[in-house]
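Residue strings, one per chain:
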Amino acid sequence: MVEVRFLGVGKPKPKRVIRVPLRLVSYLQATPLMLILGAFLLLPILMIGTVSFWDYDFAQMYPDFVTFNYTETLGSWVTWKIYFNTLKFAFIVWGITLFVGFWVAYFLAFHVRTSTMQSVLFLVCTVPFLTSNIIRMISWIPVLGRNGLINTALVNAGIVPQPIEWLLYSDFAVVLAMVHLYTLFMVTPIFNTMMRIDRSLLEAARDAGASGWQILTNVIIPLSKPGMAIGTIFVVTLVMADFSTVQVMSGGQSASVALMMKNQMSLLQYPAAAANAVVLLALVLLMVAAILRVVDIRKEL
């Protein structure tokens, strides 16, 4: 029990004691966070789930309870193809960002000796974030275009007889832009995890005769798994929800679930978009749950 005492000011008054159970105190402390999450997270999700069962036409929505929004979503091979394409982007971008992010974090954590230089190099990695994602994404167009820097250099050098068409407005351009946009979300958690590794473990491994590769595979990588898992959650969720990169960098030749929902909302098909949002949310939660079952990230929280 917790006692709360109110003492009078000036003239002495009898003391009032309010006894609050400890279990109730913990709930009272968590109430502000519960209210914020309920208002800005759970309530919007419930609204989306409710609208996904509504009926609609070309002009407006009608409160109802129909299931054809889900049957049309899950019963169309086009929708399945779009979901597969989104998962393909997520898997490829995750693999590349994990590889690049791990080695960048490894260099910053173990090859840069001074903390000052680590901070400087890490800030250099964050410089692109001073501009918006749209600007950074569009900046690839004059580089990858038919008359862009890369094609011009290759043609002038005689390496290729004509400009390479698939550099821009293709899946390659989409993946390249996403890797550029989201690699830092993989670098940061891995770097934080590596900085927490006790350096005496590395010294003990060297004293035991372990090679550099053995130290990497048996000490550093296993201890860096929580950071990899957090970075994976960041990258996968961002890629699954990205529509602007797919729309701009593919030139309308590719699609994703988020882009499909954006097109549905532009046609005032809000219940159909809500149904796709619910399915996408369930898919992302399943992926995150699978990651959490493999790696325990509570060490990083």
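Sequence positions are assigned chain by chain, starting from 1 and proceeding in written order. With the structure being a predicted model, the display of local features is reserved for residues of pLDDT at least 70 and the display and counting of side-chain atom pairs for 80 or more, all residues being used for whole-chain, interface and lining totals. No hydrogens and no water enter the side-chain calculation; it runs on all heavy atoms of the structure.

### What about the confidence of the model for the protein chain?
Just so we agree on the cut-off: For every residue, the predictor states its confidence as a pLDDT score lying anywhere from 0 to 100. The numbering of helices and of strands both runs from the N terminus, where a helix is a DSSP run of H or I of at least 4 residues and a strand a run of E of at least 2.
Per-chain confidence: the protein chain averages 86 in pLDDT, with 93% of residues scoring 70 or above. Mean pLDDT in the protein chain bottoms out at strand 1 (residues 2–6), which sits at 50, and peaks at helix 3 (residues 77–111), which reaches 93.

### Overview of the packing of aromatic side chains
Heads up, the rule is: Between 30 and 60 degrees the pair is tilted, below 30 it is stacked and above 60 it is edge-to-face, where a pair is any two Phe, Tyr or Trp rings, Trp via its six-membered ring, whose centres lie within 6.5 Å. Think of it in three bands: with a 1.4 Å probe and only protein chains considered, a residue is buried below 20% of the maximum accessible area for its type, exposed above 50%, and partly exposed in between.
Counting across every chain of the model gives 10 aromatic pairs. Pairing Phe 102 with Tyr 106 gives two aromatic rings, centres 6.3 Å apart and planes at 15 degrees, and the pair type is stacked. Separated by 4 residues within a single helix, Phe 102 and Tyr 106 lie in helix 3, roughly one turn from each other. With respect to burial, Phe 102 and Tyr 106 carry one shared label: buried.

### Here we look at the nonpolar core
The cut-off we apply is this: Here, nonpolar core means buried Ala, Val, Leu, Ile, Met, Phe, Trp, Tyr and Cys residues that are tied together by side-chain atoms lying within 4.5 Å of each other. Two residues form a contact once any of their heavy atoms are found within 4.5 Å.
By size, the foremost hydrophobic cluster in this structure holds 67 residues, and its most contacted members are Phe 110, Met 178, Ile 190, Met 194, Ile 220, Val 239 and Met 249. No other element matches the 14 residues that helix 8 (residues 171–195) contributes to this core. Not counting the four nearest positions on each side in its chain, Ile 220 is found in contact with Phe 102, Tyr 106, Phe 110, Met 194, Ile 197, Leu 202 and Ile 215.

### A word on the environment of Leu 41
On the secondary structure map, Leu 41 appears in helix 1 (residues 22–51). Look at Leu 41 and you get partly exposed, because its relative accessible area is 43%. On a C-alpha basis, the gap between Leu 41 and Leu 259 in space is 22 Å, while along the polypeptide they are 218 residues apart.

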